[in-house]
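Listed here are the chains, written in short residue letters.
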Amino acid sequence: MRTHRTRRGPRAVGLTAGLLAAALALTACAQGGADTGGDAGTATTDPDEPVTIRWSWWGSDTRHTLTQEVIDLFEEKNPNITVVPDYTDWGSYFDKLSVSVAGGDVPDVITQEERYLADYASKGVLEDLSQLDIDTSKIDANILQSGTIDEALYGIATGVNVYSVVADPQAFADAGVEMPDDTTWTWEDYVETANAISAATGGAVYGAQDYGFNEPGFSILARQNGQSLYDENGEVGFEPELLAQWWQHSLDMQASGGQPDAPKTIEVDAGGPEQSLVGTNTGAMAWFWSNQLTALSNASGRPLQLLRVPGESQFDRTGMYFKPAMYYSVSSRSSHPEAAAKLVDFLLNDPEAGAILLSDRGLPANTDVRAAVTDKFAETDKQAAEFLTSLEDEIVDGPVVPPAGAGQATEITKRLNAEVLFGRLTPQQAAEQFVQEVTAAIS
Amino acid sequence: MTEVHVRTEPQLPVHDDDLAARTTALAARSTDRHQRSRWPQRLRSFGKHLGLVALAVMMIYPLIWLLSSSIKPSETIFRDVSTIPTQIDMSNYTEGWNALLHPFGHYMMNSAIVVLGSLVGNLIACSMAAYAFARLEFRGRRVWFAIMLMSIMLPIHVVIVPQYVLFSQLGWINTFLPLIVPKLLATDAFFVFLMVQFFRGIPRELDEAARLDGCGHGRIYLRIMMPLAMPALATTAIFTFIWTWNDFFSQLIFLTNPDMYTAPIALRTFIDATGQSSWGPMFAMSIVSILPIFLVFLFGQKYLVKGIATTGIK
Amino acid sequence: MSVVSELRRTARPGPQGRARPAPLRRGDGRAAAVFLAPWFAGLLLITVGPMAASAYLAFTDYSLLTDPTWVGLENFVRMLDDSRLHNSLRVTFTYVLTGVPLQLVVALGLAMLLDRGMRGLSFYRSVFYLPSLLGGSVAIAILWRQIFGVDGLVNMFLAFLGVQGRGWVSDPDTALWTLVILHVWTFGAPMIIFLAGLRQIPEMYYEAASIDGASRVRQFFHITLPLLTPIVFFNLVLQVIGAFQSFTQAFVVSGGTGGPADSTMFYTLYLYQKGFTSLEMGYASAMAWLLVIIVAVLTAINFFASKYWVFYDD
């Protein structure tokens, strides 16, 4: 018996090994997936070798379609480079990016935003663009400065835009409410106007969409009052009472019907321009970045108007500012930095790319491109460009570059806004909690 | 193991005349009652079935609604309350299929690869471990068995972070390896347990007979245990399929590259990308993604139900 | 035998009651090593190793991009002050303490309705099981998000009845309850286990009871329920463990935010955010260990309490 068993023993082992090997082989075949950037290998030096790079951005459908066109054009001009698009909506973009970074799987070209630029730069994820072959000669020095941290250029702004109120003149007309004079209207006027529209249409068309989930709106109010969201020392630069005031206006509008009730606000907020009240012709005013005008107009199907935000002349100074709409950055771990640089260079400097993107990513940063494409602008883009030009004399300065960790302010604002709207926190409590949480995040 | 888990009806104790008499009387009475009150009985039964059917419809209604909405044009989903669509529009399926970077089939294929690997892993590795626990004698067997049992209840969250770090350093993130290799190493202890219970029900005489014929453990395992354990293997296969296909958390963590997304992740990307706008295509792809599970359920019902029942009974 | 009773038996040394013949083989060590090799490798590499690493990481500050720095108890102290963590515990406990009992009651209720041998039993059983099968999938979570939305199916029905619906999913006061409803909807698996358990109760007991004139209700409370308590216990233990680790539904229904206003921030969702979104992996590991402790304590409570209400007739 025993001898039989020992003779069979090795056979059992062999069988097991064979089965396991087969299974492992199966999974080895399964190890598919694109070999796009992320594996820290030596960068290719042969410019004609076929290369695949990944470009990530956020946006709505309109932007995705435009961007695909630009990619197609780039690939035509650079047949050896394939660009893999990686897009999501704004809300999940940075969550996904941080997970990708953690997984060692960073896109080669990353669309960045001012709140997160410092964060990612400090983690060593972004390449110093001045070391790459990107022509920045035609780009405004201020714009380059906005992406420079500690002497290194981590992101080049794609263009500028401005946070403004988008209004639907037809909605105003239908409600019989006069369009306000945006150079003089106050925050109280804003609330009253919104209430008036809702009242006149019996709630069929809301006066405004809630603005409290996005802190740039508050940044403007702070600046109007001589304060700021962040100060030069990388701390919060405002009094909680001011923030409480900002949220109080929302509550006032909600109470008198000027804006929808809380549940509806939550649902609408999740939807971006296409699902916004203005976009669906169920609201007269909403706060958006000026480069979202095209998407909004397309969704709404009506001509829309850009207004200065309320309170620009109510206090000591104006608060609006030119914001770098977004930045192009390159991953420091990319295996194809040259190809990535080529793409960035193309996007910024090639007039044909500019002709496709127009002002979707803000007014083009390259002054030559801007001049060349201005007359190609669609009506809405021209409108946005003119609006920005009209503000040049009024906008006195820009805010401080947000400190590392400022990215968390987005989530904090959203959450506290919901708490306020549902009456679970008073504006003052929410404001104090905001200061506390944001301070912890940026310290 | 066939019906071992169901206890047979005990025989009436013969010595208890009183009880026997009472029961016979009951039987007699109930036949009478049966004949006299057939109508109310029938009515009650009918009423009960009606109630049950109504309840069943209510339970299934969300799924029916999902299906019917997926073939309605998007705009009418919220206006047309009726379950039977007035207009049929299959474009939701084509639209949804192509809405993401790859056709949805690509993501289904990714899911299929993960499921296949998991199936192979669980069937082989778990049955091997189960054979050892059920049939082999070795030092510390009870201790190891207890450890195996406790690992069933371990939350994955406590190991996910280090696993992520480990796989990240091995370069396995964004491959299917982190999802499949654990299955090849019998980490789904639940199935080990299931099969142990099953193997214990196979008579040892068969083992002994084989031993007399000169078979070693390998042969016994392959030629005797496995063929007889078909029901347990089928149950394992079916549950593995369903749980793996639906496994969102691990796939979310280990697959960050959009090319590698499996069906649940792709579906979730869909909902985030299109916001609230295109419910039609989204519902269509939801149906597509749960279709495989539904089919497995249809054809494997027997094993499913038995499998669940077996695990719960003392 | 269930996992649970196995564990009990292993834990209780002493007479096992089964007179097993002396094993005919001794020293199967080598064969055991072969058969258990994959399982053992998995245990070390995938389970125990990561557990140890996670225990270490819980005392560090680790963002994956830089090396871990030892911070001692700081993570745990932080957990004491972290109001969002406390909130997530509250949310999760509410979910478990309401969802699990409700689901078990519904499961038992339906199991009682499905008498043995009734017509269409297997049909009903399958239909009631189907939601349970699909309930964990992303597709169903998406469906749920829609039907409880402001313009969703539920509100359409309420409008039919003339009731003004609200945004169930977007209101912090009601969002969690939509998830509880989802959990109750997936009562299929416990129901099947109850069904099997009910079958094991001999008809004779019921017949004897009705001879003695006991009403159906009394029969339920004095025969069915006591004899079913081991099954109830089993279901309770597993469901509590499972419900505490819920992730997918909350993630998809809230869009990954745990919102609105953290009202659906399940513990595992918060863990995921801390670990994989904010890249605070040290803190996430500490949270994971707290989860293990909580689950262990809940299970232990269940086991101890079982002495008082579970009736075993072995």
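Description of the structure in this document. Going along each chain's sequence as written, the residues are numbered from 1 onward. All chains are assigned letters beginning at A, and all ligands numbers beginning at 1, according to the order in which they are written. A pLDDT threshold of at least 70 governs which residues receive local features in this predicted model, and a stricter bar of 80 or more applies before side-chain atom pairs are shown or counted, although totals over entire chains, interfaces and linings include all residues. Think of the side-chain values as coming from all heavy atoms in the structure, minus any hydrogens and water.

**Digging into the overall build of chain B**
Here is step 1: In DSSP terms, a helix is any run of H or I states spanning at least four residues, a strand is any run of E spanning at least two, and both are numbered starting from the N terminus. A tally of helices and strands in chain B yields 14 helices and 0 strands.
Here is step 2: The linear arrangement of helices and strands in chain B, starting from the amino end, is α-α-α-α-α-α-α-α-α-α-α-α-α-α.
Here is step 3: Residue exposure ignores everything except the shown protein chains as possible cover, and the areas themselves are Shrake-Rupley values with a 1.4 Å probe. In the form shown here, chain B has an accessible surface area of approximately 13500 Å², with 66% of it arising from carbon and sulfur atoms.

**Thoughts on empty space enclosed by the protein**
Here is step 1: The definitions used throughout rest on a 1 Å grid laid over the protein atoms alone, on which a cavity is an enclosed set of points accommodating a 1.4 Å probe that cannot get out and a pocket is an open set flanked by protein within 12 Å on both sides along at least five of seven lines; lining residues are those having an atom within 4 Å of a point. Grid points are joined across faces, edges and corners, and a volume is the space filled by probe spheres set on the points. All chains considered together, the criterion is met by 10 cavities of 30 Å³ or more.
Here is step 2: Taken as a whole, the second largest cavity holds about 170 Å³ of empty space.
Here is step 3: What lines the second largest cavity is a set of 14 residues, among which A:Y87, B:L100, B:L101, B:P258 and B:T269 lie closest to the centre.
Here is step 4: A per-element tally of the lining of the second largest cavity places strand β2 (residues 81–88) of chain A first, with 4 residues.
Here is step 5: Only Asp, Glu, Lys and Arg are considered charged in this grouping, and only Ala, Val, Leu, Ile, Met, Phe, Trp, Tyr, Cys and Pro are considered nonpolar; every other residue, Gly among them, is considered polar. Residues of the lining of the second largest cavity, tallied by class, amount to 10 nonpolar, 2 polar and 2 charged.

**Comments concerning the environment of A:L73**
Residue and element names in this part refer to chain A.
Here is step 1: Along the chain, the position of L73 falls in helix α2 (residues 61–77).
Here is step 2: The buried label goes to any residue with under 20% of its type's maximum accessible area, the exposed label to any with over 50%, and the partly exposed label to all in between, with areas taken from a 1.4 Å probe on protein chains only. The exposure class of L73 is buried, given its relative accessible area of 11%.
Here is step 3: When the C-alpha positions of L73 and E352 are compared, they lie 8.4 Å apart, and in sequence the two are 279 residues distant.
Here is step 4: Contacts are assigned to residue pairs that have any heavy atoms within 4.5 Å of one another. Leaving out residues up to four positions away in the same chain, L73 has contacts with F346, E352, A353 and I356.

**Some points on the packing of helix α5 (residues 141–152) of chain B against helix α8 (residues 189–200) of chain B**
All names here are of chain B.
Here is step 1: Structural elements are reduced to axes, namely lines fitted to C-alpha atoms, with helices fitted over the stretch in contact, and the angle between N-to-C directions of any two is expressed from 0 to 180 degrees. Running from N to C, α5 and α8 cross one another at 130°; their axes reach a closest spacing of 8 Å. It follows from the interaxial angle that α5 and α8 lie oblique. For α5 against α8, the interelement crossing comes out left-handed. The residues of α8 that touch α5, namely those facing F145, M148, L149, S151 and I152, are A189, F190, V192, F193, V196 and R200. Orientation labels follow simple angle bins: below 35 degrees gives roughly parallel, above 145 gives roughly antiparallel, 65 to 115 gives roughly perpendicular, and whatever is left gives oblique. By definition, turning the near helix anticlockwise from the far helix through less than a right angle yields a left-handed crossing, and turning it clockwise yields a right-handed one.

**Considerations on the packing of aromatic side chains**
Here is step 1: Between 30 and 60 degrees the pair is tilted, below 30 it is stacked and above 60 it is edge-to-face, where a pair is any two Phe, Tyr or Trp rings, Trp via its six-membered ring, whose centres lie within 6.5 Å. The tally for this structure, following the rule as stated, stands at 70 aromatic pairs over all chains.
Here is step 2: Their ring planes at 80° and their centres at 6.3 Å tell us that A:W247 and A:F434 sit as a pair that is edge-to-face. Remark: A:F434 occurs in helix α18 (residues 427–442) and A:W247 occurs in helix α9 (residues 240–255); sequence separation between them is 187 residues. With respect to burial, A:W247 and A:F434 carry one shared label: buried.
Here is step 3: Ring centres of B:F297 and C:Y129 lie 6.1 Å apart, and the angle between their planes is 40°; this geometry places the pair in the tilted category. Taken together, the residues B:F297 in helix α14 (residues 279–312) and C:Y129 in helix α5 (residues 121–134) connect one chain to another.
Here is step 4: On the basis of relative accessibility, which here comes to 4%, the residue B:F297 falls in the buried class.
Here is step 5: In this structure C:Y129 comes out as buried when scored by relative accessible area, which is 5%.
Here is step 6: Members of the aromatic cluster, each reached through a chain of ring pairs, are A:Y163, A:W185, A:W187, A:Y190, A:Y211, A:F218, A:F238, A:W246, A:W247, A:W287, A:W289 and A:F434.
Here is step 7: Whether a charge sits over a ring comes down to the Lys NZ or Arg CZ being within 6 Å of the ring centre and within 35 degrees of the ring normal. Positioned over the ring face of A:Y120 is A:K123, at 6.0 Å from the centre of the ring.
Here is step 8: Sitting above the plane of the A:W289 ring, A:K323 keeps its charged end 4.7 Å from the centroid.

**Considerations on the nonpolar core**
Nonpolar side chains in soluble globular proteins tend to be buried together.
Here is step 1: Nonpolar cores were defined as sets of buried Ala, Val, Leu, Ile, Met, Phe, Trp, Tyr and Cys residues, with membership established by side-chain atoms within 4.5 Å. Ranked by internal contacts, the top residues of the largest apolar core, which has 204 residues, are C:F128 and C:M191.
Here is step 2: Each residue touching C:M191, except ones within four places of it in the same chain, is listed here: C:A107, C:L110, C:A111, C:L114, C:R125 and C:F128.

**Comments concerning the interface of chain C and chain B**
Accessible area lost when the parts come together is the quantity often used to give the size of an interface.
Here is step 1: The interface is formed by 107 residues belonging to chain C together with 104 residues belonging to chain B.
Here is step 2: Summed over both partners, the accessible area (1.4 Å probe) lost when two parts come together is defined as the buried area. Taken over both partners, the interface formed by chain C and chain B buries close to 9800 Å², and the fraction arising from carbon and sulfur atoms is 75%.
Here is step 3: N or O atoms within 3.5 Å of each other form a polar contact, as long as, within protein, one can give a hydrogen and the other can take it, and as long as residues adjacent in sequence are counted only when both atoms are side-chain atoms. Linking chain C with chain B are 7 residue pairs in polar contact (both at pLDDT 80 or more).
Here is step 4: Counting residues per element, the side of chain C that touches chain B draws most heavily on helix α2 (residues 29–57) of chain C, which supplies 20 residues.

**Brief notes about helix α9 (residues 204–212) of chain B**
Residues and elements named next belong to chain B.
Here is step 1: Considered for burial, the residues of α9 that qualify are D207, A210 and R211. Seen end-on, α9 carries its buried residues on one side only, within an arc spanning 105°. Seen from the buried face of α9, the exposed residues on the opposite side, beyond 90 degrees, are E205 and L212.
Here is step 2: Where α9 terminates, the next one or two residues include G214, which has phi positive at roughly 95°. The directions considered for the arc run from the helix axis to the C-beta atoms.

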